[in-house]
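# Structural overview for review
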Amino acid sequence: MSTLIVPPVPVSPRDDAIKLHRAFKGFGCDTAAVIEILAHRDAAQRALIQQEYGSMFSGDILKRLASELSGDLEKAVMLWMHDPAGRDAIVTKNALSINNLKAATEVICSRTPSQIQTMKQHYYSRFGVHLEHDIGRHTSGDHKKLLLGYVSPPWNESLEVDKLIAESDAKALYNAGVKRLGTDENTFIQIFGERSRAHLAYVAAAYYHMYGHSLKKAVKKETSGNFEYGLLTLLKCSENPGKYFAKILHNAMKGLGTDDSTLIRVIVTRTEIDMQYIKAEYAKKYRKSLVDAVHSDTSGNYRTFLLSLLGPKY
């Protein structure tokens, strides 16, 4: 569920392109005008603005934005200019390239199979290399096996759950972990990487019912590092992705300083997906609106842009 506030009256991409061109002209950029337009246009409208700008002014609006803006605002706006699948491809490529495996794992394991499928197409057309190839290059061990398993077909998005199979999976995970000395990681990789979200959520409920402790607790006890992070991301997003991202955002802002790359990644990539749910979960868990939290942790035009994407408090 998107929070993006688009104008009630259809806007003209041509008019937007002209206004943006005016904002770029003269001494300094009219950043407020740029934010006012771009933060309130959906992916289809932004793509049309890019086309219009290119044909009217013989220039690439992305290059112009990069030269006019700077810092965190530039990073956020540049990412926002792409559609959701294109953004996921860019974020994943960048994260793998700089060895930020946590960010890459977050993006891959929090996306649905159909989102992964579209992202893979964008990844290949943009970078000329398959996502699987880069995962293979930059990751290792069980973490690599989990990611490669999850991004490869066959994909399962069924909402129907066979309760007997789910209970059998719960038993298999118990036998592969807590019950034995050492861990059978392949069982975890197979069940977490190949089952639908609805099925995995039911497995977690069955596991708790059968053994009296959570599957999340078992994962933490039996695994570690990026492999553990991938399993937990798959598990949490099968149960409640809004709650998962609310916690990521909270962690990015708690304590001294702000993890702006995480703030930008999550807000920009989830605004057109499920930000309404993330805001609700944030308020429920932290007794403070996400809008207020972002307002107190950011400043200037960067703050204005993120708050424009977030929309109203509740």
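Reference entry: report on the structure contained in this document. (Residues numbered from 1 in each chain as written. Predicted model: local features only at pLDDT ≥ 70, side-chain atom pairs only at ≥ 80, totals over all residues. Heavy atoms only, no water.)

### So, the pattern of salt bridges
For clarity, the threshold we go by: Here, a salt bridge means any side-chain nitrogen of Lys or Arg that lies within 4 Å of a carboxyl oxygen of Asp or Glu. Secondary structure is summarised from DSSP: a helix means a run of H or I of at least four residues, a strand means a run of E of at least two, and numbering begins at the N terminus for each. Relative accessible area decides the class of each residue, using a 1.4 Å probe on protein chains only: under 20% of the type maximum gives buried, over 50% gives exposed, and in between gives partly exposed.
Taken as a whole and assessed by the stated rule, the structure comprises 17 salt bridges. The residue Glu68 makes a salt bridge to Arg64 at a minimum N-O spacing of 3.0 Å. Highlighted residues: Glu68 and Arg64, both in helix α4 (residues 61-68), separated by four residues, approximately one helical turn. With relative accessibility at 23%, the residue Glu68 sits in the partly exposed group. Beyond isolated ion pairs, a larger network of salt bridges with shared partners links Arg46, Arg87 and Glu272.

### Some remarks on the side chain of Thr262
As a reminder, the rule being used: Here a polar contact is recorded for every N or O atom pair within 3.5 Å, except that within protein the pair must consist of a potential hydrogen donor and a potential acceptor, and residues adjacent in sequence are included only if both atoms are side-chain atoms. By the convention used here, residues are in contact when the closest approach between their heavy atoms is within 4.5 Å.
The topology assignment puts Thr262 in helix α17 (residues 260-270). Overall, Thr262 belongs to the buried group, its relative accessible area being 9%. Engagement of the side chain of Thr262 in a polar contact is seen with the side chain of Asp259, the distance being 2.7 Å. The contact partners of Thr262, leaving out residues within four places of it in the chain, are Ile248 and Ala252.

### Let's talk about the layout of surface pockets
Definition in use: Residues are called lining when one of their atoms sits within 4 Å of a cavity or pocket point, these points coming from a 1 Å grid over the protein atoms alone, where a cavity is a set in which a 1.4 Å probe fits but cannot get out and a pocket is an open set with protein on both sides within 12 Å along at least five of seven lines. Grid points are joined across faces, edges and corners, and a volume is the space filled by probe spheres set on the points. Three residue categories are used. Nonpolar comprises Ala, Val, Leu, Ile, Met, Phe, Trp, Tyr, Cys and Pro, charged comprises Asp, Glu, Lys and Arg, and polar comprises the others, including Gly.
Taken as a whole, the largest pocket encloses approximately 670 Å³ of empty space. Lining the largest pocket are 29 residues; nearest its centre among them are Lys236, Lys243, Tyr244, Lys247 and Ile248. For the lining of the largest pocket, the elements supplying multiple residues, two or more each, are α7 (101-110), α13 (197-211), α14 (215-222), α15 (225-239), α16 (241-253) and α17. Its residues assigned to classes, the lining of the largest pocket shows eleven nonpolar, six polar and twelve charged. If you add up the space inside the second largest pocket, you get close to 460 Å³. Lining the second largest pocket are 18 residues, and of these Lys75, Leu79, Val91, Asn94 and Ser261 sit closest to its centre. When contributions to the lining of the second largest pocket are tallied by element, the ones reaching two or more residues are α5 (71-80), α6 (84-97) and α17.

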